[in-house]
Amino acid sequence: MWQRNLQVMTFCLVSMLMVSCGDNGGADAPALTGRTFLSDSVTVNGSAHPLVTGTQIRLTITADHRITASAGCNILSGSVRVDDDRLVVSGLGSTEMGCDPPRQAQDEWLASFLAANPTYVLDYSGLQLRGNDTVVELRDREVADPDRPLQQTVWVVDGLISGSTASSMPAGASATIVFDQAGLHVVIDACNSISGSVRIASSTIDIGHLVTTDVACAQPAASLEAAIAEVLVGKITYAIDAASLRLTHPTGKGLTLRAR
């Protein structure tokens, strides 16, 4: 009886180890999907392969088996599945922005690299892709370019939103917004300053009464002030992605901002 119990206990222990240590299956295994990666380096035949100045490879693999990638101009997208240690990419298409020749060539190079189904090595901090003579090292976006904190960051307004339409700032106008424990502080250059109380939650900001200085603003600052005032009222939502902030009012009016 004792020997039989020992056998049962041994079988259960082995089963538990198989479940927890199975291929890519442990709860602690790093995830490939739902993450964005930014290139750190590219080598070809063991030598550094510099990207076009000012560009970086950005790659995302989503939970619904889609891959998107960019290298400074167009956005590539297609389907992806994992086959052992290989990313099998199919149906890869591209947007059709007009790129200068160096960036166009880089887009074509990246598309060919991904379409060749590179092998991959994944960990918590990054991703390595290998194909033929090329190695691309990428870091997790949240490691390479972490989200800025909402509070104590100087956010510069760089765009306006109306529903699904985004527009640029009025030419010659500029403004900054700072959130802190005391509230929010808006400075519209050559125009008014606005301040008031806020209650900040994980994805919403409840804006209380706002007080503004009494400057008669000239254009284009007056137009920017009116656009900001339409957003900073009541409960709004916010989303941060690296150095970008998006504020959205329930009406669909919104602002895009970047961290200074």
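Residues numbered from 1 in each chain as written. Predicted model: local features only at pLDDT ≥ 70, side-chain atom pairs only at ≥ 80, totals over all residues. Heavy atoms only, no water.

**With respect to the overall build of the chain**
We count it as follows: Secondary structure is summarised from DSSP: a helix means a run of H or I of at least four residues, a strand means a run of E of at least two, and numbering begins at the N terminus for each. Each residue is placed in one exposure class: buried if its accessible area under a 1.4 Å probe, protein chains only, is under 20% of its type's maximum, exposed if it is over 50%, and partly exposed if it falls in between. The protein chains shown are the only cover counted for residues, whose accessible areas, like all others here, come from Shrake-Rupley with a 1.4 Å probe.
From N to C terminus, the chain includes four helices and 18 strands. Looking at the chain residue by residue over its 260 residues, the buried ones come to 36%. As displayed, the chain offers around 14900 Å² of accessible surface, 55% of which is attributable to carbon and sulfur atoms.

**Here's the deal with the pairing of strand E17 (residues 244-248)**
Quick note on the threshold: In this analysis, strands are considered paired if DSSP registers two or more bridges between them.
Where burial is concerned, the two faces of E17 differ: the one with Leu 245 and Leu 247 is buried and the one with Ser 244, Arg 246 and Thr 248 is not. The pairing of strand E16 (residues 234-241) with E17 spans five bridges and is classified as antiparallel. The partner of Tyr 238 across the bridge, within E17, is Leu 247. If you look at the hairpin formed by E16 and E17, you'll find two residues sitting between the two strands, and Ala 242 has a positive phi there, around 60 degrees. Count of turn residues in the E17/strand E18 (residues 253-259) antiparallel hairpin: four residues, of which Gly 252 carries a positive phi of about 100 degrees.

**A look at the environment of Ala 144**
What counts here: Contact between two residues is taken to exist if any of their heavy atoms lie within 4.5 Å; hydrogens are not considered.
For Ala 144, the location among the structural elements is in helix H3 (residues 141-144). Residues Ala 144 and Phe 37, 107 residues apart in the sequence, show an inter-C-alpha distance of 8.3 Å. Ala 144 has contacts with Leu 38 and Arg 139, leaving out every residue within four places of it along the chain.

**Brief notes about the confidence of the model for the chain**
The predicted coordinates ought not to be read in detail in places where the model reports low pLDDT. Note the cut-off: Note on scores: pLDDT gives the predictor's confidence for each residue, bounded by 0 and 100.
In the predicted model, the chain carries a mean pLDDT of 89, and the fraction of residues at 70 or more is 89%. Mean pLDDT across the elements of the chain ranges from a minimum in helix H1 (residues 2-21), with 36, to a maximum in E17, with 98. With pLDDT under 50 throughout, residues 1-27 is counted as low confidence; its partners more than four residues away or in other chains account for two contacts.

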